[in-house]
Amino acid sequence: MTQATFQASGAATKVRRRVQDYTADLGEGMVVLDCVTRFRQRSPHLGLPLDCKAGKCGSCSAEINGKPRLMCMTRMDGHRHVKPGETIILEPMHTFPLIGDLVTDVSWNYRVNKMIPAFQPRKPDARTAPGA
Ligand code: FES
């Protein structure tokens, strides 16, 4: 069975980060969030956001090898940001206020989302009308 090694960055204090190594057995179709969920079963103190698991809410956002990604949408097999055999560095998003470990306050996203008007399809014109 293939394994992956992670270094997860936690927020022990505001000044010093706690970094912990984890290994995970990989199965077909696994995403980073599946591995982190397993780490949490072994280390219940690890702060971890869990929500939609469908790439909709953004609460699982984290920096994976220095790139902002959704953990629930980042596949462990063949994803260009997760290379076989390398240690995967997980950090909380640097641009959002830290709540703990990998958890950041993403409420700003929800506030901005409420200000965006709902999509309204335009009325057909001469170019787009059926039969034009
Ligand atoms: S859990 Fe909602 S986007 Fe990943």
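Provided above is the structure to which this section pertains.
Parameters at a glance
Residues numbered from 1 in each chain as written. Predicted model: local features only at pLDDT ≥ 70, side-chain atom pairs only at ≥ 80, totals over all residues. Helix = DSSP H or I, 4+ residues; strand = E, 2+ residues; numbered from the N terminus. Buried ≥ 20, exposed ≤ 12 C-beta atoms within 10 Å, placed from the backbone. Contact = placed C-beta atoms within 7 Å. Core = buried A, V, L, I, M, F, W, Y, C linked by C-beta atoms within 7 Å. Arc of directions from axis to C-beta.

Attention now goes to the overall build of the protein chain. Regarding its fold elements, the protein chain presents two helices and seven strands. For the protein chain, the proportion of its 132 residues judged to be buried stands at 23%. Relative to all contacts within the protein chain whose residues are 6 or more apart in sequence, the contacts with residues 24 or more apart total 48%.

Ranked by internal contacts, the top residues of the largest apolar core, which has 22 residues, are Val32, Leu33, Cys35, Val36, Met71 and Leu90. Among the secondary structure elements, those contributing two or more residues to this core are β1 (3-10), α1 (32-42), β3 (61-64) and β5 (87-91). When residues in this core are grouped by element, the largest group, five residues, is from α1.

Right, let's get into α1. For α1, the full list of buried residues reads Val32, Leu33, Cys35, Val36 and Phe39. Summarising the axial view, the buried residues of α1 lie within an arc of 155°, below the 170-degree limit, and thus occupy one face.

Here Lys53, not a glycine, exhibits a phi torsion of approximately 55°, which is positive. The topology assignment puts Lys53 in the loop between α1 and β3. We classify Lys53 as partly exposed; it has 17 C-beta atoms within 10 Å. In this structure, Asn65 is a non-glycine residue whose phi angle is positive, near 50°. Positionally, Asn65 belongs in the loop between β3 and β4 (67-70).

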